[in-house]
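# Chains, contacts and geometry: an overview
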Amino acid sequence: MELIKPFILSPDTLEPIIDEEKIANILDSNIDAPVNFIGQERAQSALEFGLDMEMNGYNLFVMGEPATGRHTLIDNLLQEVAKTKETPFEWCYVNNFDDNRCPNYIRLAPGESKKLVDDIDSFIDELMDTFPAAFDNPAYQRKKRAIEREFNLKYESALEVVESKALENQIILYEEKGSVSFAPVVDGKPVNDADFTQLDEATRQNFYERISELEVFLNESLLELPQWKRETSEQQRNLTIETIETALRPLIKDLEHSYAADLGVIKFIRDMKSTLVELVQELMAGEADEEKSGEEIDVRKALEEQLLPNILFSKNATDGAPIIYEPNPTFQNMFGKIEYSSVQGSVYTSYRMIRPGALHQSNGGYLLIEADKLIEQAAVWESLKLALKSQKIRMESPVFEPNIVNVSSLTPQPIPLDVKIIMMGSRDLYYLMQEHDNEFSELFRVLADFEHYISLNDKAMYGFVQKSKQFAKSHNFELSSDAVSQLMNFSFRQAEHQHKLSARFADVLELICESQFYAKKSHKAEPFSTEAGPVVIQRENVMQALEGKQYRTGQISESFLEDIQEGQILIDTSGFSVGKLNGLTVLHIGDTTFGTPARISATVYAGSNGIVDIEREVDLGKSIHSKGVMLLTGYLGNKYAQDFSLSFSANIALEQSYGQIDGDSASLGEVCALISAITQIPLNQSIAITGSINQHGQVQSIGGVNEKIEGFFNLCTARGLTGEQGVIIPRTNCINLILNKTVIDAVKKGRFHIYAVDHVDDALTILTGKQAGVLSSRGRYPRDSVNGIASQRLRHIADIVNSDFSE
């Protein structure tokens, strides 16, 4: 026992020291200044730099895992910066009267777009009031009748000449239903068809010839009739246009006067003039008629479809720069979309069916995107890069199915883009994009790196306590100082460090919510809990929440423990055995992480195959695990075979492992099992071991040290603590110890032990109960030491192998 005392850790080193008095002072203080984030000074500095940079290409990539406070920090900084920025312009699309498939944009000051729509809407009302009433004007009607009289005069003059000639030939001319006809005259009276048949053949033939001559003469006389009609129509059309322009002039002049300072609107109004004349002429140039009131709805709709601007978005002048978060960056969500409707079997669209995307809404401000969701859609990423480089938002029509015909597509005028993109993603994704996309570094020049851990200092402690207090207060409950202490202990455990808090503060908030459930339950169970007031969360409530979650997610770990208890998995927790010991593993299954022991066994025999890693041979051992095993040969050769050729055969395995194994945390256990097999010195089975080694035998840190210790402790507890059981860990992992109270209490009572080692020799001393042995000045280990016996046995095996080769 004296040999292993120097390696036993005292209970106060198994968890962080938390100043509960300081926590109580912070909770009792009346300072309620909001704490938006804890730590992350490096990321905050990068964000402030990137948000203030106005030059192109200084978009930001926020590197960090979810729940580390990155979104909160970004949002708070953006809210502060956005207030100092001017509210950007509003954008709307209007009809391109020259080519309606290419709508034009208009840029307007904040709040002006709605005013423009209202003014155009009022303008349409005035149009409806003005037309067709303008055509009832006496001057218009007089000019119209004059044009008609002129035509009629020409027509009637031509017919009079024909009629005079007809009468000279005993034939009369008459008009019936717009057509001109001839009839013979006999005895001063027109002859009908029945009487005409009674005439003799010669007379009838004579009339036929004269009528034919008159028809030819009639055609010659009216040869210019189409031209007269064209001239009349042209005169009437010019009269209508002149009347429309005269009536429109004051309406348009008022509209132009309202937007004299806005060149874009003035251009739109001036381009609208010719189309307005055509629209009024086509839709409203008829006589005013009350019976047409049913058609006015269609007329108004047609005018709105041609004239009303399509507002992409509107803002208030005091809004500042927009902040947009796009959770689903599809192409349409980012760049907008052009909607389509079906009209009589054809697909139809117009400028009024253009809908904005996140880039339109954030133009002049800030756009937040999740990098992993964006990168999944290559077309969106490529289009975004093009938009950032060209500083223009280009909209494209969706791709239609091949069987859809008569598609009318739009190509809206690209809108100038001025936006700061803030992309959030993981560390791996950032380096992947940087390596494989040459344009990425040109467009995202600012990296804001959110750390996983926050070093504990007074500022961090204040932020942690104050933020927990604020959260509790916002949900109408309170936290005791010992509850906050336990929450902080939980954060240390998440970070696996006694001096660092986890940056995932969202997990702490989740634990507070779950603790509230148990606090309310306890409050109701108290016999005299009739007082009104907020529920106070105590330490035991936080412990109940942690235990509750462990119970809810602990079925798999309990199944492993049951298999060991039933002997399905062979693990000894007492006695001594040669060539085997208890290693420790960590399993990550979903959101469950737990430790469990695994037997490491080794066999040694004469041969020259070296150390065979059975896991590697059957493709169950991954590269890091295989590397750890291969280091054992280097360690044994350096340690024992300085004056002879190391030659032996050995097999090492993790027993009853049926899945992939990775990591080198078993290498310390493997070398101890291997030396036990070489020396035939039994190892203490009540002690489990974890640690990585290098070729010089130095023990290196491993991960999951708390879960590993607790996993073996749970097994020992189930079988009964003897006071001999314990776990060997690397001394460098002492700073990572944040064990639960059950383990610490057992250590305090001397029923369980944690050993910290620096070298393989330390672990051998603990496991064998014998001195490992130190190399003397003569280059020899003491004969009865572990190292001395190992050296002798390896030399003996080498002699056997070499003698076999010499024979």
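Attention in this report is confined to the structure presented alongside it. Residues take numbers from 1 onward in each chain, read along the sequence in its written order. pLDDT decides what is reported in this predicted model: residues at 70 or higher carry local features, side-chain atom pairs at 80 or more are listed and counted, and totals for whole chains, interfaces and linings draw on all residues regardless. Each side-chain value is derived from all of the structure's non-hydrogen atoms; neither hydrogens nor water enter the calculation.

### Brief notes about unusual backbone geometry
Backbone phi values are negative for most residues with the exception of glycine, while trans is the configuration of most peptide bonds. Formally: Three exposure classes are used, based on accessible area relative to the maximum for each residue type with a 1.4 Å probe and protein chains only: buried under 20%, partly exposed in between, and exposed over 50%. By the criteria applied, helices consist of DSSP H or I runs no shorter than four residues and strands consist of E runs no shorter than two, each listed in order from the N terminus.
A cis amide bond links Phe131 with the next residue in sequence, Pro132, at an omega value of 5 degrees. Although it is not a glycine, Gln391 sits at a positive phi angle of roughly 55 degrees. By relative accessible area, which is 33% here, Gln391 ends up partly exposed. Although it is not a glycine, Glu496 sits at a positive phi angle of roughly 55 degrees. Relative to the assigned elements, Glu496 resides in the loop between helix 18 (481-495) and strand 20 (500-502). A residue is classified by how much of its surface remains accessible, and Glu496, at 27% relative accessible area, is partly exposed.

### Some words on the sheet that holds strand 1 (residues 60-63)
Note on sheets: strands pair through backbone hydrogen bonds, and any given pair is parallel or antiparallel. Under the convention used in this document: Only strands joined by at least two bridges in the DSSP assignment are considered to pair. In this analysis, axes come from line fits to C-alpha atoms, helices being fitted only over the stretch in contact, and the angle between any two N-to-C directions falls in the range 0 to 180 degrees. By definition, residues are in contact when any of their heavy atoms lie within 4.5 Å.
Pairing in this open sheet of five strands is parallel, and the strands run 8-13-16-1-17 from one edge to the other. Edge positions in the sheet fall to strand 8 (323-326) and strand 17 (446-449), since each of these pairs with one other strand and no more. Averaged over all pairs of adjacent strands, the angle between strand axes in this sheet comes to 20 degrees, irrespective of strand direction. Of the strand pairs in this sheet, strand 1 and strand 16 (residues 420-425) are connected by four bridges, and their pairing is parallel. Bridge pairing in strand 16 places Met63 opposite Gly425. Running over the sheet, helix 2 (residues 41-52) touches strand 1, strand 13 (366-370), strand 16 and strand 17 and is turned about 155 degrees from strand 17.

### A few points about the nonpolar core
Basically, it comes down to this: Nonpolar cores are built from buried Ala, Val, Leu, Ile, Met, Phe, Trp, Tyr and Cys residues. Side-chain atoms within 4.5 Å join them into one set.
One finds Leu668, Leu674 and Ile675 to be the most contacted residues of the largest nonpolar core, which totals 48 residues. The set of elements that each furnish at least two residues to this core consists of strand 24 (592-605), helix 23 (623-640), strand 26 (649-654), helix 24 (667-679), strand 28 (687-689), strand 32 (753-757), helix 27 (760-768) and helix 28 (786-806). Ranked by residues supplied to this core, first place goes to helix 24 with eight residues. With sequence-adjacent residues up to four places away left out, Ile675 is seen in contact with Tyr635, Leu636, Tyr640, Gln680, Val760, Leu764, Val786 and Ala790. Counting 38 residues, the second largest nonpolar core, distinct from the first, contains Met128, Phe268, Leu303 and Leu307.

### Considerations on the side chain of Ser557
So the rule is basically this: Residues adjacent in sequence count toward polar contacts only when both atoms are side-chain atoms; beyond that, a polar contact is any pair of N or O atoms within 3.5 Å, and within protein one must be able to donate a hydrogen and the other to accept it.
For Ser557, the position within the fold is in helix 21 (residues 555-565). Note on Ser557: relative accessible area 16%, which makes it buried. Of note is the side chain of Ser557, whose polar atom sits 2.9 Å from the backbone oxygen of Gly554. Excluding residues within four positions of it along the chain, Ser557 makes contact with Gln550 and Phe594.

### Structural notes on the layout of surface pockets
Heads up, the rule is: Cavity and pocket criteria rest on a 1 Å grid covering protein atoms alone: a 1.4 Å probe that fits but cannot get out defines a cavity, protein on both sides within 12 Å along at least 5 of 7 lines defines an open pocket, and an atom within 4 Å of a point defines a lining residue. Grid points are joined across faces, edges and corners, and a volume is the space filled by probe spheres set on the points.
Of the volumes computed, that of the second largest pocket is approximately 560 Å³. Lining of the second largest pocket is provided by 28 residues; of these, Glu54, Gly365, Asp418, Val419 and Lys420 occupy positions nearest its centre. Elements supplying a minimum of two residues to the lining of the second largest pocket: helix 14 (378-390) and helix 16 (440-443). Counting residues per element, the lining of the second largest pocket draws most heavily on helix 14, at three residues.

### Some points on the sheet that holds strand 2 (residues 90-94)
On the basis of which strands lie adjacent, the open sheet formed by three strands has the order 3-2-7 and antiparallel pairing. Strand pairing shows two members of the sheet lacking a second neighbour, strand 3 (104-108) and strand 7 (310-311), which therefore form its edges. Direction of pairing for strand 2 relative to strand 7: antiparallel, over a ladder of two bridges. Residue pairing in the sheet places Tyr93 in a bridge with Asn310 of strand 7.

### A short note on a positive patch on the surface
Here is the rule we go by: Any residue with relative accessible area above 30% and no salt bridge may belong to a patch, with like charges joined within 9 Å and the nonpolar Val, Leu, Ile, Met, Phe, Trp and Tyr side chains within 5 Å. Areas reported as accessible are Shrake-Rupley estimates using a 1.4 Å probe. Residue values count occlusion only from the protein chains shown. For this document, the term salt bridge refers to a Lys or Arg side-chain nitrogen within 4 Å of an Asp or Glu carboxyl oxygen. By the counting rule applied here, Lys and Arg register as positive and Asp and Glu as negative, while His and the ends of each chain are not counted. Every charge is mapped onto a representative atom, which is NZ of Lys, CZ of Arg, CG of Asp or CD of Glu.
Among the surface-exposed residues, Arg142, Lys143, Arg145 and Arg149 lie close enough to one another that they form a single positively charged patch. Position of Arg145 among the secondary structure elements: in helix 5 (residues 138-168). For Arg145, a relative accessible area of 43% gives the class partly exposed.

### What to know about a negative patch on the surface
Taken together, the side chains of Glu156, Glu160, Glu163 and Glu175 define an acidic patch exposed on the protein surface. Among the elements that make up the negative patch, the one with the highest residue count is helix 5 (three residues). Structurally, the position occupied by Glu175 is in strand 4 (residues 171-176). Judged by its relative accessible area of 47%, Glu175 falls in the partly exposed class.

### Quick look at the environment of Lys83
Counting through the fold element by element, Lys83 comes out in helix 3 (residues 70-84). Separated by 284 residues in the primary sequence, Lys83 and Leu367 have C-alpha atoms spaced 16 Å apart.

### A look at the pattern of salt bridges
Scanning all chains against the criterion turns up 33 salt bridges. For Lys115, the salt bridge is made with Asp119, and the minimal N-O distance between the two is 3.2 Å. Of this pair, Lys115 and Asp119 both sit in helix 4 (residues 112-130), four residues apart, roughly one helical turn. In this structure, Arg300 engages Asp125 in a salt bridge whose closest nitrogen and oxygen atoms are separated by 2.6 Å.

### Digging into the packing of helix 8 (residues 225-258) against helix 9 (residues 263-283)
The criterion, for reference: Crossing handedness is read from the near helix: turned anticlockwise from the far helix by less than a right angle, it gives a left-handed crossing, and turned clockwise, a right-handed one.
Running from N to C, helix 8 and helix 9 point in directions that differ by 145 degrees, and their axes come no closer than 10 Å. The two elements helix 8 and helix 9 cross, and the hand of that crossing is right-handed. Taken together, the residues of helix 9 that come into contact with helix 8 (itself represented by Arg237, Thr240, Ile241, Ile244, Glu245, Leu248, Ile252, Leu255 and Glu256) are Ile266, Ile269, Arg270, Met272, Lys273, Leu276, Val277, Val280 and Gln281.

### Some words on the environment of His753
Its place among the elements puts His753 in strand 32. Here His753 falls in the buried class, since its relative accessible area comes to 10%. Remark: the alpha-carbon pair of His753 and Leu73, spanning 680 residues in sequence, is separated by 43 Å. The contact partners of His753, leaving out residues within four places of it in the chain, are Ile8, Gly723, Gln725, Gly726 and Val727. A polar atom in the side chain of His753 sits 2.8 Å from the backbone oxygen of Gly723.

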